Structures are given as structure tokens and as C-alpha cells.
Amino acid sequence: MLTVFSSSHHLHHGKELKDGALTPSFEEPGRADTILRRVRAVGLGNVIACRPFGLAHYIGAHSERYVRFLSTAWQQWSAGGRTSDALPLVWPVRNMRDDIEPSVIEGKLGYFSMDAGAPITAHTWNAVAESANLALTGAELVLEGARSAFALCRPPGHHAGREYMGGYCYLNNAAIAASHAIAKGARRVAVLDVDFHHGNGTQDIFYERPDVLTVSIHGDPSVSYPYFSGNADERGSHAGTGFNLNLPLAKGTDWAAYTQALKLACQAVAAHAPDLLVVSLGVDTFENDPISHFQLKSDDFSRLGDQIASIRCPTLFAMEGGYMVDEIGINAVNVLQGFEARG
Ligand code: OKP
Ligand code: ZN
């Protein structure tokens, strides 16, 4: 399996609020480097650079005004001399105006975000665009005939919606890859999200569409981030009704319970008969993950890959979360090797 990688991810490491204090984000450069090291150590396959793509490739999954905001936010934020991370502080909620984009950056930050978990630093945009380009490249490799590819995306993408960032995510890499596949002639695509956290952004982007099935297995939102989406009764709307499947699981879920949900997820994907499957590959379901609450062990990730391979569909893996930096290389690559072992 080819891995698509770029060292541009080093351009991004922001700060997040943890227990009331601003500290370096869990989503940090060591993550992607650890995974790349493991890819090389096991000889998964060649590591290649991404092909060139531009702003136009991000529009569709995202709105034009959101991409414009993201690509210019640091310039606007720093214009007055600020050097600290740009973070939102005000959001439109029930009965407030969510239909008028503010003209100043302080307002735009809240307008285009779901939380304060996506800090914008001086070179964040470069890292974010390159991360999306990795997924776009991986999608093209698979559309050109590869059975699978691994886009080692960082920053992750699945919390980013059509018009918002949040939860370490800016551009939705998996959704951009799925949209590109449709633009290139794929009739149906499925996105299977196995990150611990609900893929709310991917759900948002495809919620009204029947051509892109979105399936997510995640911590029950009543007790787990992102709290405000991911319930089982969110099934899609309009023409997309029935084409979104959420499988929320309790805190403490282990492989025995996880594999049951995964079986349902894989059945739903197989029934959609997609031309491309995009797996939002988060490995924060690991028992020792510092911010998540499932109990998967390293060997379980091999089984996860094997079960995904049983769908028998051309598959792009796009990296999402996983924060136990010592283990995420083993766990992510176990999924990929488990997938390949089925042949
Ligand atoms: C991104 B991905 C951490 C609280 C949770 C946001 C988590 C975003 C997860 N102290 N903060 O889905 O892995
Ligand atoms: Zn996650």
C-alpha cells in the first residue's frame, strides 16, 4: 500500500484550552512522524509526495466563503500585530443571527467554527491545504486502480463541516476526497469513520445526499465530544434520508462490543456498493488514548483492518485522530496490514 505524506504538517501546532488553561494541543507533529516511522519500519510500501491541488478542489465539500476565510484568517488576525494563536470566543446559538457573516476577524472566527479547538497559527493554512492534498492524491491513486492507499493526513479533518472548523480540524480531508471521487465519475462513495469521536463534519457535508453514504462508530455523544451530534436518530435529510448511519457506543466499549457495531457498519457500506470507500482512520479508540474512552488493544486494530477488507471495495484510508503518540504508529499500521493481509 502506498502512503502519501508531506512534512508540511510541521508548520502547524496550536494551543487548546485544557482545564481552563491554554496548552500545546494534543494534536501535535510527533503524531504523523510516529506513524510514518512505523510505515517505514514494517515496509508497508513506498512513501510518496502529494500531487498539486488548489482552492477549487476544497469547494464543494466546503463553501467558497469558508475556504476564503480559512486561507486568509491568519493575515487578518495578525494585521494588528497579534502573534498568538487565533481562537474564537463568540458563537451564534439559538435565536441569534447565523445568516450574516461578520466583516471583522473576531466575528468570522466564531461564525466559521464549532468550538475553540481549531487554533489558527501563522502557517496553519499551508499545513491544512497540504493535508487535504494528501487525501486528494490518495483518492486519485485508488480511482486509477490501486486497491488501497493511505493518506497520512495531519491536521485531521472529520470535525470540519461545510462551513466550520473545530476539534483540531479545518478542511475535511475525507469529504474532499469523496467529493473529488464523485467529480471524477464515481457514482457512489461511502465514508466509514472509525475515530473515537463522531465525524460530525462529514455527516454535515453529505447529510442531504444519497450518493455519499456516511457511517460513524463513536463514543455516545451524551458523554463524549462533540456532544451535539452523533446520535442514532440522525439518519440524513431530504434526498439523503437513510444515507447517514451513526453507531454510538458506551464509554468503556471493548473489541467484543465494537466488532458488533463494525459488522453493521460494514454491511451498510457493502449494501451501498460504493466505487470508493474512504475510511476516516482514527486510532483514538485505543485503551490508553489520553482523551478517549474505548478499550481497543493493538491487536484489535489488525482485526479492524481485516473486517474493513471484507467489504471488498477500493479503499482510501485518511488519518484522523489518535493521541497515544508512542502507540499510534503500531495501531494505525496494524489496521493497514490487517486490511492487506486479507488479499
Ligand atoms: C479530534 B479527533 C480534550 C477534549 C476534547 C477535542 C477533541 C477533538 C478530537 N481535552 N477536545 O476526532 O480525534
Ligand atoms: Zn477522535
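Residues numbered from 1 in each chain as written. Chains lettered and ligands numbered in written order. Predicted model: local features only at pLDDT ≥ 70, side-chain atom pairs only at ≥ 80, totals over all residues. Heavy atoms only, no water.

Across its full length, the protein chain carries nine helices and 10 strands. Taking 343 residues into account, the globule formula puts the C-alpha radius of gyration at 20 Å, and the protein chain, at 18 Å, falls close to it. The principal-axis extent of the C-alpha atoms belonging to the protein chain is close to 55 × 45 × 40 Å. The proportion of buried residues among the 343 residues of the protein chain is 56%. Of the contacts formed within the protein chain by residues at least 6 apart in sequence, a portion of 76% connects residues at least 24 apart. Of the roughly 13400 Å² of accessible surface on the protein chain, a fraction of 52% belongs to carbon and sulfur atoms. Averaging the coordinates of the 27 positive side-chain charges in the protein chain and doing the same for the 36 negative ones gives two points 4 Å apart. (Helix = DSSP H or I, 4+ residues; strand = E, 2+ residues; numbered from the N terminus. Rg over C-alpha atoms; globule rule 2.2 N^0.38 Å. Buried < 20%, exposed > 50% of the residue type's maximum accessible area, 1.4 Å probe, protein only. Contact = heavy atoms within 4.5 Å. Areas by Shrake-Rupley, 256 points an atom, 1.4 Å probe, with all protein chains shown as cover. Lys, Arg positive; Asp, Glu negative; His and termini not counted. Charge placed at Lys NZ, Arg CZ, Asp CG, Glu CD.)

A few words now on the coordination of the zinc ion (ligand 2). For the zinc ion (ligand 2), the protein coordination sphere consists of Asp-195 (OD), Asp-195 (OD), His-197 (ND1) and Asp-284 (OD), at 1.9 to 2.7 Å. Angles of 53 to 159° at the metal separate the six donor atoms of the zinc ion (ligand 2), which places the site in the irregular class. Taken in sequence order, the residues that donate to the zinc ion (ligand 2) follow the motif D-x1-H-x86-D. With Asp-195 in the loop between strand S6 (189–193) and helix H6 (200–206) and Asp-284 in the loop between strand S9 (276–281) and helix H8 (298–309), this residue pair connects regions lying 89 residues apart in the sequence. Given the relative accessible area of 0%, Asp-195 is considered buried. (Donors = N, O, S within 2.8 Å, 3.2 Å for Na, K, Ca; no water. Tetrahedral: all angles 85-135°; square planar, octahedral: opposite > 155°, others 65-115°.)

With that settled, consider the site of ligand 1. Neighbouring ligand 1 are the residues His-158, His-159, Gly-167, Tyr-168, Asp-195, His-197, Tyr-225, Asp-284, Ile-291, Gly-321 and Tyr-323. One of the side-chain nitrogen or oxygen atoms of His-197 is found 3.1 Å away from an oxygen atom of ligand 1. Calculation on ligand 1 without its partners gives an accessible area of 400 Å², and the protein chains cover 84% of this total. (Near = heavy atom within 4 Å. Polar contact = N/O pair within 3.5 Å; in protein donor to acceptor, adjacent residues only side chain to side chain.)

Let us look at the UniProt feature "domain: Histone deacetylase" (unreviewed entry) in the protein chain. Residues given the UniProt feature "domain: Histone deacetylase" (unreviewed entry) here are residues 27–335. Structurally, residues 27–335 comprises 36% helix and 12% strand, and the distance from its first C-alpha atom to its last is 20 Å. (UniProt positions renumbered as here; feature names shortened; annotations may be inferred.)

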